[in-house]
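Structural features, examined
So the chains spell out like this:
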Amino acid sequence: PLRGFKVRLPDGPAMKAEDSARGDNQVILNIPPGCGPIMVRYAWEPFTDANLTGKSGLPVSTFETEVTKY
């Protein structure tokens, strides 16, 4: 399983998110339904055991993105 993903709800703290499926250029995370816009963070801690790699096999860089539709 992938490690290093967290979701942050609009009015709450960041919580660990588990992946449920992977495909070409996508990761599907288990997020509680009806939460509204959320932030997804990957490898956001100073020291992390995040393990997502790209097609080249190299580690994916830290990122944060807002999710408004899911």
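See above for the structure.
As a starting point, this report considers the structure included with it.

Cut-offs applied
- Residues numbered from 1 in each chain as written.
- Predicted model: local features only at pLDDT ≥ 70, side-chain atom pairs only at ≥ 80, totals over all residues.
- Heavy atoms only, no water.
- Buried < 20%, exposed > 50% of the residue type's maximum accessible area, 1.4 Å probe, protein only.
- Helix = DSSP H or I, 4+ residues; strand = E, 2+ residues; numbered from the N terminus.
- Pairing = 2+ DSSP bridges.
- Core = buried A, V, L, I, M, F, W, Y, C linked by side-chain atoms within 4.5 Å.
- Contact = heavy atoms within 4.5 Å.
- Phe/Tyr/Trp six-rings, centres within 6.5 Å; stacked < 30°, edge-to-face > 60°.

1. Thoughts on the pairing of strand β5 (residues 38-42)
- Of all five residues in β5, four are buried; the element is thus mostly enclosed.
- Looking at chain direction, strand β1 (residues 5-8) and β5 are connected through four bridges and run antiparallel. Its bridge partner lying in β5, Phe5 is registered against Tyr42.
- When β5 meets strand β6 (residues 63-67), the two strands line up antiparallel, connected through five bridges.

2. Observations regarding the nonpolar core
- In this structure, Phe5, Val7, Leu29, Ile38 and Val40 are the most contacted members of the largest nonpolar core, which totals 13 residues.
- When contributions to this core are tallied by element, the ones reaching two or more residues are β1 and β5.
- Not counting the four nearest positions on each side in its chain, Ile38 is found in contact with Val7, Arg8, Leu9, Pro10, Ile31, Thr65, Glu66 and Val67.

3. Here we look at the packing of aromatic side chains
- One pass over the structure, following the stated rule, counts three aromatic pairs.
- Between Phe5 and Tyr42 the ring centres are 4.9 Å apart and the planes differ by 45°, which places this aromatic pair in the tilted class. With Phe5 in strand β1 and Tyr42 in strand β5, this pair connects stretches of sequence that are 37 residues apart. Take Phe5 and Tyr42: they sit in the same class, and that class is buried.
- Ring centres 6.3 Å apart and planes at 70° place the aromatic pair Phe5 and Phe63 in the edge-to-face group. One end of the pair, Phe5, is in strand β1; the other, Phe63, is in strand β6, with 58 residues separating them in the sequence.
- Judged by its relative accessible area of 5%, Phe5 falls in the buried class.
- We classify Phe63 as partly exposed; its relative accessible area is 29%.
- An aromatic cluster is built from Phe5, Tyr42 and Phe63, whose rings are joined through pairwise contacts.

Everything listed here is a matter of coordinates, which is why it stays silent on function.
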